[in-house]
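Per-entry structural report
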Amino acid sequence: MINAVLQNPKAFKSILETVIDAVITTDSMGKILFVNHSTTQLFGYSTDELIGQSIELLMPNNHRRHHASYMQNYKQTGQKKVIGIGRKIDAKKKNGEMFPCWLSLTHFKINGDDFFTGIIKDYSELEQAHQELAELNQNLEQKVKEKTAELEIALQKEKELNHLKSKFLTLASHEFKTPLATILSSTILIEKHGRNANTFSDAQEKHVERIKRSVNLLNEIIEEFINLEKIEKNKIDIKQQEFNLYDFLNDCIGLLSVLKKEGQIVELNCPEHLLVHSDYDLSLFVLMNLLSNAIKYSKEQQKIVVNVTVEDQVLIHVIDQGIGIPHQNQQFIFERFYRSDNSSNVDGTGIGLHIAKRYANLLGGDVSFTSEENKGSHFIFSMPK
Ligand code: ADP
């Protein structure tokens, strides 16, 4: 069956006629001998208008010249530029409209005569898509350039702001220290004279205490700012030393006993001879922060427990039954200046935990916690053994 079809010239013609691309056959002089249906559709000529015409009819004027010399060259040298390779060219429709197309050209001989068949694929849509893609790419590149420039400006601004902020903090912290020290020493003198002269009323005593407490709070805030500044400028010196953890925790609890409210007790459970190797002052800062928070955020009569467990690391647990940290605030609690929604009526700056965690990290450990609002918090300071 298939052989019968292949031996039938009409069948061959039908195959060529129904090819989707334009098929054109010429003789060696470029005279058109055959065109299929798609050729007439694509170029807008009827079959009769094309048969016998030169192939140059379908070419833009500036290509005609090249075509003639190309054919000449191929016949003399056999050098192929398009034949068997294919290439993108411009073609011309009957109405003069130019369009890009892909030309695949083959050469064959019958009885010593040369013939050429070209298959032409309309490239307009693809070309347009390419162009649109190129434009999109260009736009995208432009946008990326603009955004990069904007980002660079924003980054520069942020750097300047950070620099200003650092300058302000350092300046303010140091400038505030001297007047605060004067206020504190004068208050202590007033207190002493008043007591000596027996002229001190209860109300005066209460106010002097308030001044002292406020000055101490301000001093703490200033210390926190200075510490923060040091961390951000990588100016923390770590001095490793061996110390007894039990003594260390006892010292810390002792230092904070002035902060305790009525009926608050701090229970310590720690092996008495556990030695750790770390920076004493930085560890003290971390623990003082956790413990002072436990005291601050617990009510009168509420107990605070400090437990020590030893696993891969030494874990110091600070457990309170205080106000706890609301669930929605927990993920931000180590950010600078962040305070939970329920802590607004307790004095604080939201810096301590941030510094504590960074110090703990510098020491090869960490600070983590679990907490439930109105039930209490459990902070863990882990340090290498
Ligand atoms: P602050 O000076 O505000 O206490 P911190 O950085 O030490 O700053 O703590 C950040 C915030 O974390 C606090 O403002 C408080 O909302 C919450 N917080 C820390 N510790 C506790 C705790 N033990 N119980 C409840 N809330 C706590």
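Heads up: these notes are all about the structure in this document. (Residues numbered from 1 in each chain as written. Predicted model: local features only at pLDDT ≥ 70, side-chain atom pairs only at ≥ 80, totals over all residues. Heavy atoms only, no water.)

**As for the site of the ligand**
The environment of the ligand is made up of 22 residues, and the closest members are Asn293, Tyr297, Arg339, Ser340 and Leu353. Here an oxygen atom of the ligand sits 3.2 Å away from a polar atom, N or O, in the side chain of asparagine 289. Measuring from an oxygen atom of the ligand, one finds a backbone N or O atom of threonine 349 at 2.8 Å. For the ligand, whose free accessible area comes to 530 Å², the fraction covered by protein is 98%. Secondary structure elements with two or more residues in the shell around the ligand: helix 9 (280-296), helix 10 (352-362) and strand 12 (376-384). (Near = heavy atom within 4 Å. Polar contact = N/O pair within 3.5 Å; in protein donor to acceptor, adjacent residues only side chain to side chain. Areas by Shrake-Rupley, 256 points an atom, 1.4 Å probe, with all protein chains shown as cover. Helix = DSSP H or I, 4+ residues; strand = E, 2+ residues; numbered from the N terminus.)

**Notes on helix 7 (residues 202-232)**
The end-to-end C-alpha distance of helix 7 is 45 Å, a good match for the 45 Å that 31 residues give at a rise of 1.5 Å each. Of the residues making up helix 7, those classed as buried are Val208, Lys212, Val215, Ile222, Glu224, Ile226, Asn227, Leu228, Glu229 and Ile231. Looking one or two residues past helix 7, asparagine 234 carries a phi angle of roughly 55 degrees, positive in sign. (Expected span 1.5 Å × (residues − 1). Buried < 20%, exposed > 50% of the residue type's maximum accessible area, 1.4 Å probe, protein only.)

**Side note on the nonpolar core**
Of all hydrophobic cores here, the largest spans 45 residues; its most connected members are Leu245, Leu249, Leu291, Ile316 and Phe381. Setting aside anything within four residues of it in sequence, one finds leucine 291 in contact with Cys252, Ile253, Leu256, Val266, Ile304, Val306 and Val318. Formed by 23 residues, the second largest nonpolar core is a distinct cluster that contains Ile24, Leu58, Ile83 and Leu103. (Core = buried A, V, L, I, M, F, W, Y, C linked by side-chain atoms within 4.5 Å. Contact = heavy atoms within 4.5 Å.)

**A word on the packing of aromatic side chains**
Enumeration over the complete set of coordinates arrives at 11 aromatic pairs. Geometrically, the ring pair formed by phenylalanine 243 and phenylalanine 248 is tilted, given 5.2 Å between the ring centres and 40 degrees between the ring planes. For the residue pair phenylalanine 243 and phenylalanine 248, the accessibility class agrees, reading buried in each case. An angle of 75 degrees between the planes, with centres 5.0 Å apart, marks the rings of phenylalanine 243 and tyrosine 280 as edge-to-face. (Phe/Tyr/Trp six-rings, centres within 6.5 Å; stacked < 30°, edge-to-face > 60°.)

**Quick look at the state of the cysteines**
Here a disulfide denotes a covalent bond joining the sulfur atom of one cysteine to the sulfur atom of another. For the structure shown, the criterion picks out zero disulfides. Between cysteine 270, a cysteine without a disulfide, and cysteine 252, which holds the nearest cysteine sulfur, the sulfur-to-sulfur distance is 12 Å. (Disulfide = S-S within 2.5 Å.)

**Looking at the environment of alanine 360**
In this structure, alanine 360 sits in helix 10. In this structure, alanine 360 is in contact with Val286, Gly365, Asp366, Val367 and Phe381, ignoring residues within four places of it in sequence.

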